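Here's the letter readout for the chains.
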Amino acid sequence: MKKFFAAMRYGAVGAAMLIASAGALGQGTDTSLPIPRFVSLRSDEVNLRTGPGQQYPIDWVLTRGGMPVEIIQEYETWRKIRAVDGTEGWVHQRMVSGKRAAIVIGTEPQILRRRPEPGAPPVARLEPGVVGDLKECKGDWCRLETPKVRGWLTRAQIWGVYPRETVEN
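Please read all numbers here as calculations on a predicted model, not as lab measurements.

> Tell me about the overall build of the protein chain, and please be specific about residues and values.
Check the secondary structure of the protein chain and you find one helix and 18 strands. Split into buried and exposed, the 169 residues of the protein chain put 48% on the buried side. Considering only contacts in the protein chain between residues 6 or more positions apart, those separated by 24 or more positions represent 59%. When the accessible surface of the protein chain is summed, it comes to about 8,600 Å², and 50% of that surface belongs to carbon and sulfur atoms.

> Any chance you could break down the state of the cysteines for me, citing the residues and the numbers?
Per the counting criterion, the structure on display carries one disulfide. Residue pairing for Cys137: its cysteine sulfur links by disulfide to Cys142, the two sulfurs lying 2.1 Å apart. Measuring the twist about the S-S bond at about 110 degrees, one finds the Cys137-Cys142 disulfide to be right-handed. Cys142 carries the same exposure label as Cys137, and that label is buried.

> Before we move on, can you summarise the environment of Gly151 with the specific residues and values?
Relative to the assigned elements, Gly151 resides in strand β16 (residues 150-154). In the structure, Gly151 is positioned 16 residues away from Lys135 in sequence and 9.8 Å away in space, judged by C-alpha atoms. Filtering out sequence-adjacent residues up to four positions away, Gly151 remains in contact with Leu112, Arg113, Cys142, Arg143 and Leu144.

> Just give me the short version of the pairing of strand β8 (residues 78-82), but keep the residues and values in it.
Pairing geometry for strand β7 (residues 68-75) and β8, over five bridges, is antiparallel. Looking at the pairing, Gln73 lines up with Lys80 of β8. Linking β7 back to β8 in an antiparallel pair, the connection comprises two residues, with Glu76 at a positive phi of about 50 degrees. Of the pairings in the sheet, the one linking β8 to strand β9 (residues 88-92) comprises five bridges and is antiparallel in character. Across the sheet, Ile81 pairs through a bridge with Gly89, a residue of β9. Two successive antiparallel strands, β8 and β9, enclose a turn made up of five residues, where Gly86 displays a positive phi of approximately 95 degrees.

> Can you explain the environment of Gly132? Please cite residues and give values.
As for its position among the elements, Gly132 is in strand β14 (residues 131-138). Residues within four places of Gly132 in sequence aside, it is in contact with Ala101, Ala102, Leu144, Glu145 and Thr146.

Conventions adopted
- Residues numbered from 1 in each chain as written.
- Predicted model: local features only at pLDDT ≥ 70, side-chain atom pairs only at ≥ 80, totals over all residues.
- Heavy atoms only, no water.
- Helix = DSSP H or I, 4+ residues; strand = E, 2+ residues; numbered from the N terminus.
- Buried < 20%, exposed > 50% of the residue type's maximum accessible area, 1.4 Å probe, protein only.
- Contact = heavy atoms within 4.5 Å.
- Areas by Shrake-Rupley, 256 points an atom, 1.4 Å probe, with all protein chains shown as cover.
- Disulfide = S-S within 2.5 Å.
- Pairing = 2+ DSSP bridges.

Listed below in structure tokens is the structure:
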């Protein structure tokens, strides 16, 4: 069993996955919710299994509650998820939350801005791997809140939202 703590640097791979993950929307067979869709991990220890059931072996243990993941398939009470690095596996539905989050991607710190404008005053520099609550997205900008700071990043600087998705919390 492997442990995965999503706090590494993502560079071009993260950006490519952001684009690749925005595939055609379908509908969940068990929930009628959109597939794919972003959710977050409910716990600091989530078993990622090779198949949809407890009889399948644990392949990874995700160890970062609140991290965004993408649901890419459903089977009864099981959800196949994808993490920011592309790791995939099955989790029970109770291990994910509809609460939206985003993770900072890239190889360099990203400037969190006071307003959704390129020249807006900086609020903080966020390292790749920082996770925050995704509060809203309008146009190319998304508002992110961490326990200590809040502000705006562009969609290209985060993973956890689709290119044209509207987010309002």
